Amino acid sequence: MAERREQAAPDGVLTRIGQVVMLHHGGDREEARSRFLDLWAEIGEDGAALHRCTLAHYLADTQDDPVDELAWDLRALSAAEELSGGRAAGDPDSVQGFLPSLHLNLAADYAKLGRADAARSHLRRARRAASHLADDGYGAGVRSAISRLELRLGQDGTPGDDGWSPPRQRPS
C-alpha cells in the first residue's frame, strides 16, 4: 500500500524543474539558469537519471554559449541512455519520448558550431527515434522541427540565422 502511494505521489524534483521552466518561458532566462544550476548542484552528477536528463535538457536552453548548450544537451542524452539501457531506475518507455528531442537539439547545437556531419548524424537519430512519438501536437511539432532543420542544413551544413530552435519536451 505504501509503495502505491509513493508511485502515485508527484515527483518533487520534476515539479520544481517544471516551475523553473515556466519562469524561463516567462522571459527570465538568467534567474531560470541560476535556479536550474542550484537544482543541478542539489541532485548532482549521481542523481536520478530521469532528473538529470530532464534538468540538463532544459538547462541547455538557458546557455549563452553554444559550447555550453552542447555540453548540457550531451549530459541529457547520457542520462536518457542510462534510462533506456536499463542501467537506472525509471520508466524506460517514457524516455523514448525524450530521445527525438534530445537528438534534434544536439543536431541544432552541432549545426551552430559548424559541425555539419555531427548535426546530420543526430538528425538521423532524431528521425528514427521520432517513430516512438505519439501522433499528437508535440509529436507533430518535433517531426516538423526535424524536417525544418534538415532543410536548413542544406548543402553547407549550417542553419540559417532565423532564430530557429527545436522544441523541448515537458517533463511527464
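Each remark here, short or long, concerns the structure printed above.
Residues numbered from 1 in each chain as written. Predicted model: local features only at pLDDT ≥ 70, side-chain atom pairs only at ≥ 80, totals over all residues. Heavy atoms only, no water.

## Some thoughts on the overall build of the protein
If you tally the helices and strands in the protein, you get nine helices and zero strands. Scanning the protein from its N terminus toward the C terminus, one meets helices and strands in the order α-α-α-α-α-α-α-α-α. Here the protein, with 172 residues, has 44% of them falling under the buried criterion. Taking the contacts inside the protein whose residues are at least 6 apart along the sequence as the reference set, 60% of them involve residues at least 24 apart. Summed over its atoms, the accessible surface of the protein is roughly 9,000 Å², and 48% of this surface lies on carbon and sulfur atoms. (Helix = DSSP H or I, 4+ residues; strand = E, 2+ residues; numbered from the N terminus. Buried < 20%, exposed > 50% of the residue type's maximum accessible area, 1.4 Å probe, protein only. Contact = heavy atoms within 4.5 Å. Areas by Shrake-Rupley, 256 points an atom, 1.4 Å probe, with all protein chains shown as cover.)

## Some words on the nonpolar core
It is characteristic of soluble globular proteins that their nonpolar side chains tend to be buried jointly. Residues Ile17, Phe36, Leu102 and Leu104 are the most contacted members of the largest nonpolar core, which totals 46 residues. Here this core takes eight residues from helix α7 (residues 99-112), the largest share from any one element. Residue contacts for Phe36: discarding those within four places in its chain leaves Ile17, Val20, Val21, Leu55, Tyr58, Leu59 and Thr62. (Core = buried A, V, L, I, M, F, W, Y, C linked by side-chain atoms within 4.5 Å.)

## Side note on helix α3 (residues 29-43)
Taking 1.5 Å as the rise per residue, α3 with 15 residues should run 21 Å; its terminal C-alpha atoms sit 21 Å apart, in good agreement. Those residues of α3 that sit buried are Ala32, Arg33, Phe36, Leu39, Trp40 and Ile43. The buried residues of α3 occupy an angular sector of 125° when the element is viewed end-on, so they sit on one face. Those residues of α3 that are buried are in contact with α2 (12-25), α4 (49-59) and α5 (66-84). Backbone geometry just after α3 places Gly44 at a positive phi near 75°. (Expected span 1.5 Å × (residues − 1). Arc of directions from axis to C-beta.)

## Side note on the packing of aromatic side chains
To describe a pair of aromatic rings, you give the distance between the ring centres and the angle between the ring planes. A full pass over the atoms with the stated rule returns one aromatic pair. The cationic tip of Arg75 hangs over the ring face of Trp72; the distance from NZ or CZ to the ring centre is 4.1 Å. (Phe/Tyr/Trp six-rings, centres within 6.5 Å; stacked < 30°, edge-to-face > 60°. Lys NZ or Arg CZ within 6 Å of the ring centre and 35° of its normal.)

## Some words on α7
If you check α7, its first and last C-alpha atoms are 20 Å apart, about what 14 residues at 1.5 Å a residue would give, namely 20 Å. Counted residue by residue, α7 has 13 buried out of 14 residues, so it is predominantly covered. Just past α7, the residue Gly114 takes up positive phi, approximately 75°.

## Regarding the packing of α3 against α4
Pairs of packed helices are described in terms of their axes, by the angle between the two and the distance that separates them. The interhelical angle for the contact between α3 and α4, taken along N-to-C directions, is 155°, at an axis separation of 10 Å. It follows that α3 is roughly antiparallel to α4 by the angle criterion. Like other packed secondary-structure pairs, α3 and α4 cross with a definite hand, here left-handed. Contacts from Arg33, Phe36, Leu37, Leu39, Trp40 and Ile43 in α3 reach His51, Arg52, Leu55, Ala56, Tyr58 and Leu59 in α4. Looking at the contact of α3 with α4 residue by residue, the classes come out as nine nonpolar, one polar and two charged. (Axes fitted to C-alpha atoms, helices over the stretch in contact; angles between N-to-C directions. Parallel < 35°, antiparallel > 145°, perpendicular 65-115°, else oblique. Left-handed = near helix turned anticlockwise from the far one by under 90°. Nonpolar A, V, L, I, M, F, W, Y, C, P; charged D, E, K, R; others polar.)

Don't take any of this as a statement about function, it's just geometry.
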